[in-house]
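Structural characterization, general
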Amino acid sequence: MNWRTVRAIAGKDLLEVRKNRIAIWSIVGLSFFLSVGMPLLIGLLPFGTGPESGDLGPLEALLDLLPPEMQDLPLGSQMVVLMLGSFLAPLFLMIPLMVAAIVGAESFVGEKERRTLEGLLYTPATDLELYAGKVLAGAVPAVVAAFLNFAIYAVVVNLVTGPIVGRVWFPTVPTLALAVWVGPAVALLGVSASVMVSTRVDTFLEANQLTGLLALVIVALMVGQGSGLLLLSLPVLLLVGLALYAADLVLIRLGAAIFSRDRLMARS
Amino acid sequence: MTAIRADGLARSFGPVRAVDSVSFQVETGEVFGLLGPNGAGKTTLIRLLAGVLVPDTGSSRVLGLDPVTDGSLVRGRSGVLTETPAVYERLTARQNLAFAADVFGVPLPEVACRTNDLLARFALQDRADEPVGGFSKGMKQRLALARALVHDPELLFLDEPTAGLDPAASRQVHDLVRALRDEGRTVVLCTHHLVEAEALCDRVGVLAKGRLIALGTVRELSDRLLAASPVALEFLAPVTDEVVGAVGVVPGVAVVERADRRLVLAAPDDAAAADAIGAAVGAGGRLVAAGRREHTLEEVYFALQEAA
């Protein structure tokens, strides 16, 4: 594999994304909503002044996720910490997923719609280099956006919970694992699936709609966490990450194996 | 030396046979024209030769390589101008060329120099750093041509290079093709433009419904397909009925056109033409000039398409 070719293709795609205002504003909007808007909203709601104690029923187990020094906080404050530190945490994975999906879905079908695909297929890049370049182009901004947003989210959470908790407490170990271990896995899942879809459909809209289904993975994690069925503790997160990386590997290998210049050209 | 050799290439898309048992050779340094109406199979043939499509049957050698197994090498040594310019409109002209240089493996220290040279050669240097989306069609086409040359290829496939260009820009492209031939490069030119093909191509291949129905120089094709070319006579004074009558009785000769001082004859061979000229002069015609008018590629092309 010629890495210069792979980097050139990825670099060109990233340059195009940077100049695509719609894509940039979609990413910025989603990032702002999830990393700034949501924690601000939750933090500013009057939960912090809520009841001192109460029965949470099946959600009682969630209180175990709180660090030991927060077990004595009033129930309302505990709820704020839980929501920002645990419930919303999986939602944060939407950022790498959506960024990867936006860039990945554009990859081949976007070139086809802009009538630049034929020129790309006439380059000496092999099928594998073309595919790898497109995957890299989606993965890099997704992972960077994930890390950047996680840092912003951490700052905002600590700011809004400062009056309640009285110290910097975020990120917790599980949320850190979520960001640095599960986040890139989700980014790769988004990009591997969306690039593969992008080679098989005729319009960007189709690609985007199909890759949008990946959001169900995040929804499943949130429902599991919110209902107390799947507590995202450190061991669970390590396993979820491992499963996602395995799925990524399968999808990337499958995508590269079924990618064919001939088929792509014949469809265009 | 042979630059391209195709043996029985065929490719179908579903029920449509886009290229059907096509065989031909292109010599190194030759400008070879591929002619045919839309859907004749010209673009598919280029895609097969560049290793972008795989043939159902048949084989080819391009620059001594098999495009099916060595497609990457073939594409690395050839340049393709696609039917649409296929330039990245969000990027600048310079970025488009730099990307092409990178992906075609131009040595890194040479990229900037090569890019600047091509921008200057194609008169794009003044707008080199503007997004291509704002360029006219002619500018995009020039940029696409520059991109096809960025890696200094030995072989060029030009698919409708003057489509949509104004006469000045078309002339520039024609000059470029001649310059490429002078540099010893091989050029395969797909075109609808018969005058262009006639002016630029050493030989042409005519495609119809995926089949190569004729191959050769324009002269060879006209000799094979059409009756002997007409003989045009120019007189000092308007042509008289006596001259027309004298010419008309020469065996095998017929008057095709009579206009003021000009007479065009159909003569089966040079001997009949000489007899007709003698008869015209004998009848009092004061001859100024006489000569055969070669068939145009257009006449050959339509004769072929009708036959197909």
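Provided above is the structure to which this section pertains.
First, a word on scope: everything that follows refers to the structure included in this document.

Rules used in this analysis
Residues numbered from 1 in each chain as written. Chains lettered and ligands numbered in written order. Predicted model: local features only at pLDDT ≥ 70, side-chain atom pairs only at ≥ 80, totals over all residues. Heavy atoms only, no water. Helix = DSSP H or I, 4+ residues; strand = E, 2+ residues; numbered from the N terminus. Rg over C-alpha atoms; globule rule 2.2 N^0.38 Å. Buried < 20%, exposed > 50% of the residue type's maximum accessible area, 1.4 Å probe, protein only. Contact = heavy atoms within 4.5 Å. Axes fitted to C-alpha atoms, helices over the stretch in contact; angles between N-to-C directions. Parallel < 35°, antiparallel > 145°, perpendicular 65-115°, else oblique. Left-handed = near helix turned anticlockwise from the far one by under 90°. Nonpolar A, V, L, I, M, F, W, Y, C, P; charged D, E, K, R; others polar. Pairing = 2+ DSSP bridges. Salt bridge = Lys/Arg side-chain N within 4 Å of Asp/Glu carboxyl O. Phe/Tyr/Trp six-rings, centres within 6.5 Å; stacked < 30°, edge-to-face > 60°. Patch = residues over 30% accessible without salt bridge, like charges linked within 9 Å, V, L, I, M, F, W, Y side chains within 5 Å. Areas by Shrake-Rupley, 256 points an atom, 1.4 Å probe, with all protein chains shown as cover. Core = buried A, V, L, I, M, F, W, Y, C linked by side-chain atoms within 4.5 Å. Buried area = accessible area lost by both parts, 1.4 Å probe.

Considerations on the overall build of chain B
The helix and strand inventory of chain B stands at eleven helices and 13 strands. Rg of the C-alpha trace for chain B: 24 Å, well past the compact-globule value of 19 Å for 308 residues, more than 25% over. Projected onto its principal axes, the C-alpha positions of chain B cover 75 × 45 × 35 Å. The buried share of chain B, taken over its 308 residues, is 50%.

A short note on the overall build of chain A
Helix and strand content of chain A: eleven helices and zero strands. When the helices and strands of chain A are listed from N to C terminus, the series reads α-α-α-α-α-α-α-α-α-α-α. Within chain A, the fraction of its 268 residues that count as buried is 54%. Within chain A, residue pairs in contact and separated by at least 24 positions form 81% of the contacts whose partners lie at least 6 positions apart.

Considering the packing of helix 1 (residues 3–18) of chain A against helix 3 (residues 93–103) of chain B
Relative orientation of the contacting elements helix 1 of chain A and helix 3 of chain B amounts to 160 degrees, with a least axis distance of 8 Å. Here helix 1 of chain A lies roughly antiparallel to helix 3 of chain B, going by the angle between them. Note that helix 1 of chain A runs across helix 3 of chain B; the crossing there is left-handed. For the pair formed by helix 1 of chain A and helix 3 of chain B, the contact residues are Arg4, Thr5, Ala8, Ile9, Lys12 and Leu15 of chain A on the first element and Gln95, Phe99, Ala101, Asp102 and Val103 of chain B on the second. In the contact of helix 1 of chain A with helix 3 of chain B, the residues fall into six nonpolar, two polar and three charged.

Topic: the sheet that holds strand 10 (residues 231–235) of chain B
All names here are of chain B. With antiparallel pairing, the four strands of this open sheet are ordered in space as 11-12-10-13. Whereas interior strands pair on both sides, the edge strands pair on one side only; in this sheet they are strand 11 (254–259) and strand 13 (287–292). For this sheet, the mean inter-axis angle between neighbouring strands, taken without regard to orientation, is 20 degrees. Relative to strand 13, strand 10 runs antiparallel, the two sharing five bridges. Bridge pairing links alanine 232 to glycine 291 in strand 13. Helix 10 (residues 270–282) rests against strand 10, strand 12 (262–266) and strand 13 of the sheet, and its axis sits at about 165 degrees to strand 13.

Topic: the sheet that holds strand 2 (residues 16–27) of chain B
All names here are of chain B. Strand order in the open sheet formed by three strands is 2-1-4, with antiparallel pairing between adjacent strands. Whereas interior strands pair on both sides, the edge strands pair on one side only; in this sheet they are strand 2 and strand 4 (57–62). Strand-to-strand twist of the sheet, defined as the mean angle between neighbouring strand axes without regard to direction, takes the value 15 degrees. Of the pairings in the sheet, the one linking strand 1 (residues 2–13) to strand 2 comprises eight bridges and is antiparallel in character. Looking at strand 2, one finds that leucine 9 is bridged to valine 22.

Regarding the pattern of salt bridges
On inspection of all chains with the given rule, the structure shows 29 salt bridges over all chains. Among the salt bridges present, the one from aspartate 262 of chain A reaches arginine 11 of chain B, with a minimum N-O distance of 2.5 Å. Placement of the pair is aspartate 262 of chain A in helix 11 (residues 261–267) and arginine 11 of chain B in strand 1, with the two residues belonging to separate chains. Residue aspartate 262 of chain A is classed as buried on the basis of its relative accessible area of 16%.

Points about the packing of aromatic side chains
All names here are of chain A. A complete count under the given rule lists nine aromatic pairs over all chains for this structure. For the ring pair phenylalanine 108 and phenylalanine 259, a centre distance of 4.9 Å and an interplane angle of 35 degrees mean the geometry is tilted. Taken together, the positions of phenylalanine 108 in helix 4 (residues 94–113) and phenylalanine 259 in the loop between helix 10 (234–258) and helix 11 put the pair 151 residues apart, joining distant regions of the chain. Geometrically, the ring pair formed by tryptophan 181 and tyrosine 245 is tilted, given 4.8 Å between the ring centres and 55 degrees between the ring planes. Highlighted residues: tryptophan 181 in helix 7 (residues 173–200) and tyrosine 245 in helix 10, separated in sequence by 64 residues.

Observations concerning a nonpolar patch on the surface
Residues and elements named next belong to chain A. A contiguous nonpolar surface patch, about 460 Å² in accessible area, is contributed by Leu210, Leu213, Leu216, Val219 and Val223. Sort the elements by how many residues they give to the nonpolar patch and helix 9 (residues 215–227) lands first, with three residues. Within the element layout of this structure, leucine 210 appears in helix 8 (residues 204–212).

Observations regarding the packing of helix 9 (residues 241–248) of chain B against helix 10 of chain B
All names here are of chain B. Between helix 9 and helix 10, the shortest axis-to-axis distance is 8 Å and the interhelical angle comes to 150 degrees. By the angle between their directions, the pair helix 9 and helix 10 is classed as roughly antiparallel. Taken as a pair, helix 9 and helix 10 cross one another with a handedness that is right-handed. Note on element contacts: helix 10 touches helix 9 through Ala276, Ala279 and Ala280, opposite Val243, Ala246 and Val247. Its residues assigned to classes, the contact of helix 9 with helix 10 comprises six nonpolar, no polar and no charged.

Some points on the environment of glycine 252 of chain B
Residue and element names in this part refer to chain B. Structurally, glycine 252 is set in the loop between helix 9 and strand 11. With a relative accessible area of 57%, glycine 252 lands in the exposed category. Once the C-alpha coordinates of glycine 252 and leucine 97 are considered, the two residues, 155 residues apart in sequence, prove to be 61 Å apart. Sequence-distant contacts of glycine 252, defined by excluding residues within four places in its chain, comprise Ala266, Ala267 and Pro268.

Quick notes on the nonpolar core
Membership of the largest hydrophobic core comes to 156 residues, with the highest contact counts inside it found for Ile4, Phe24 and Leu45 of chain B. A total of 13 residues in this core trace back to one element, the largest contributor, which is helix 6 (residues 127–165) of chain A. Contact partners of isoleucine 4 of chain B, with chain neighbours within four places excluded, come to Phe24, Gln25, Val26, Leu49, Arg61, Val62, Leu155, Phe157 and Val188 of chain B. Membership of the second largest hydrophobic core comes to 16 residues, among which are Val231, Val243, Val247 and Val250 of chain B.

A short note on helix 1 (residues 42–49) of chain B
Residues and elements named next belong to chain B. The buried count for helix 1 comes to eight of eight residues, which makes it a mostly enclosed element. Residues of helix 1 that are buried: Lys42, Thr43, Thr44, Leu45, Ile46, Arg47, Leu48 and Leu49. Glycine 51 lies just past helix 1 and shows a positive phi near 75 degrees.

Concerning the interface of chain B and chain A
On the chain A side, the residues contacting the 33 residues of chain B number 27 residues. Buried surface at the junction of chain B and chain A, summed over both partners, amounts to about 2700 Å²; 59% is from carbon and sulfur atoms. Counting residues per element, the ones that place at least two in the side of chain B that touches chain A are strand 1, helix 1, helix 2 (71–77), helix 3 and helix 4 (108–121) of chain B. Looking at the side of chain B that touches chain A, the element that brings in the most residues is helix 3 of chain B, giving five residues. In terms of residue class, the side of chain B that touches chain A is made up of 19 nonpolar, nine polar and five charged.

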